[in-house]
Amino acid sequence: MFESATLSNYTPTRRFTNGELETQIGSIIKNKQLVSFVESISQMVLILNKYRQVVYANKSYKEFALQLKHNHRNGIRPGEAFNCANAFKSRYGCGTSVQCKTCGAFNAIGESHKGIKSTKDCQILTIDNDALDLQVTATPLEIENESLTIFSIIDISAEKRRKSLERVFIHDILNSAGGIAGLSTVLKEIEDKEMIIEIAADIENAANILIEEIKTQREIGAAERGDLIPEPCTFESDFLLKELTNIYTHHNVNTGKPVSIHPGSKNCDVHTDPVLLKRILGNMIKNALEVNHAEDEVTVKCEQVNQNVRFSVHNKSLIPEDIQHQLFKRFFSTKGTSRGIGTYSMKLLGEKYLKGKVWFESSMANKGTTFFIEL
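Everything quoted here is computed from the prediction, not taken from an experiment. (Residues numbered from 1 in each chain as written. Predicted model: local features only at pLDDT ≥ 70, side-chain atom pairs only at ≥ 80, totals over all residues. Heavy atoms only, no water.)

Caption draft 1: Broad picture of the environment of Asn246. Topologically, Asn246 is positioned in helix α8 (residues 237-249). Classification of Asn246 as partly exposed rests on a relative accessible area of 47%. (Helix = DSSP H or I, 4+ residues; strand = E, 2+ residues; numbered from the N terminus. Buried < 20%, exposed > 50% of the residue type's maximum accessible area, 1.4 Å probe, protein only.)

See below:
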């Protein structure tokens, strides 16, 4: 089903007819100098017409498309060429859904139509919940009174992953390890038995958080490589929700906000991988706890919806509209460079591996923000 809101009011939705497109493609192919130049470049290159349709794709792009299990054809737009999920949310295709307003590729192409060469980063979540991090350059080109765009693409996903590992994962591990070391030093100087027991409990909690951080990175890495194998079993939802509320009431990301089970929550039998579900719901709770809202509180809930089980995490804060459009993209975050793994992993694990549906609602009518996963 297509979304009702689109950018179609101010974004050209027209495409060339098959006949017009074939004529244009034919004129491109006849330009041996242009084709030779595009094929000599190691980067992926698409030549786009004024309606953002692909009229030529070089070999480097076609090889990459095979990795996406995508059969390239001329006439499509860049988002469709890279299986971008947002490209299929509007009946008019790539560049016309409300999410496209913040797309680096869409905006770079728009600048090229004004005669400006533009380079931007572009984050794509595909229809298969795979994440692509691209650097795109759109260069205007005029040939035989035809306005074209040379659209070159570099896959920077590996670089982004490396930076994430350095800036986020290692940073968080060092923080946790530093906390454990500090508590251990204090422990040696204390003789009061009750205080020793209390500090030992804090050390155990910090160590468990450290272990969870390592496991999370390992699971996400396996999931992105396609190596993750879910291990489903049947369990009661109350057991999982009680465990989560206990963990995040005392978690180091919590600055004193209450975390509780919603009074209307039902105890349902759930058949799925409990470790992955716990990881998804945990990220939803952490996301809510990190919001800067002093009087906020977090509630978790389970309910039966027809034949499915729906879990939700609610808090009172609202997510700004421009952030909503980018929330599930890998590394997108309002909390600093190279964060944003948590929200991205909700979709990756919840939809690709647990075969559920993950989404959120954030509005005044809803009186806050609620993340959902339905299985």
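Caption draft 2: Representation of the side chain of Asn49 in the model. Its place among the elements puts Asn49 in the loop between β1 (44-48) and β2 (54-57). Here Tyr51 takes part through its backbone nitrogen, which lies 2.8 Å from a polar atom of the side chain of Asn49. Ignoring sequence-local partners within four residues, the contact set of Asn49 consists of Phe16, Leu21, Gln24, Val55, His113, Ser147 and Leu148. (Polar contact = N/O pair within 3.5 Å; in protein donor to acceptor, adjacent residues only side chain to side chain. Contact = heavy atoms within 4.5 Å.)

Caption draft 3: Highlighting the sheet that holds strand β5 (residues 146-155). If you trace the five strands from one edge of the open sheet to the other, you get β2-β1-β5-β4-β3, paired in antiparallel fashion. Looking at strand neighbours, the two that pair on one side only are β2 and β3 (118-125), the edges of this open sheet. For this sheet, the mean inter-axis angle between neighbouring strands, taken without regard to orientation, is 30°. Pairing analysis gives 10 bridges linking strand β4 (residues 131-143) to β5, with the strands arranged antiparallel. Paired with Thr137 across the two strands is Ser152, which belongs to β5. Of the strands in this sheet, β1, β2, β4 and β5 are in contact with helix α2 (residues 32-40), which crosses β2 at around 60°. (Pairing = 2+ DSSP bridges. Axes fitted to C-alpha atoms, helices over the stretch in contact; angles between N-to-C directions.)

Caption draft 4: Region of the structure containing the packing of helix α7 (residues 193-225) against helix α9 (residues 274-289). One way to put it is that α7 packs onto α9 with a least axis distance of 12 Å and a crossing angle of 105°. Here α9 runs roughly perpendicular to α7, going by the angle between their axes. On α9, the residues that touch Glu212, Lys215, Thr216 and Glu219 of α7 are Val275, Leu276 and Arg279. Residue classes in the contact of α7 with α9 are distributed as two nonpolar, one polar and four charged. (Parallel < 35°, antiparallel > 145°, perpendicular 65-115°, else oblique. Nonpolar A, V, L, I, M, F, W, Y, C, P; charged D, E, K, R; others polar.)

Caption draft 5: Expanded view of empty space enclosed by the protein. In this structure the tally under the stated criterion is one cavity of 30 Å³ or more. The calculated volume of the largest cavity comes to roughly 210 Å³. Lining the largest cavity are 23 residues, and of these Gly79, Cys94, Cys103, Ala105 and Phe106 sit closest to its centre. Secondary structure elements with two or more residues in the lining of the largest cavity: α4 (78-81), α5 (104-112), β3, β4 and β5. When its residues are assigned to classes, the lining of the largest cavity shows 16 nonpolar, five polar and two charged. (1 Å grid on protein atoms, 1.4 Å probe; cavity = no way out; pocket = protein on both sides within 12 Å on 5 of 7 lines; lining within 4 Å. Points joined across faces, edges and corners; volume = space filled by probe spheres on them.)

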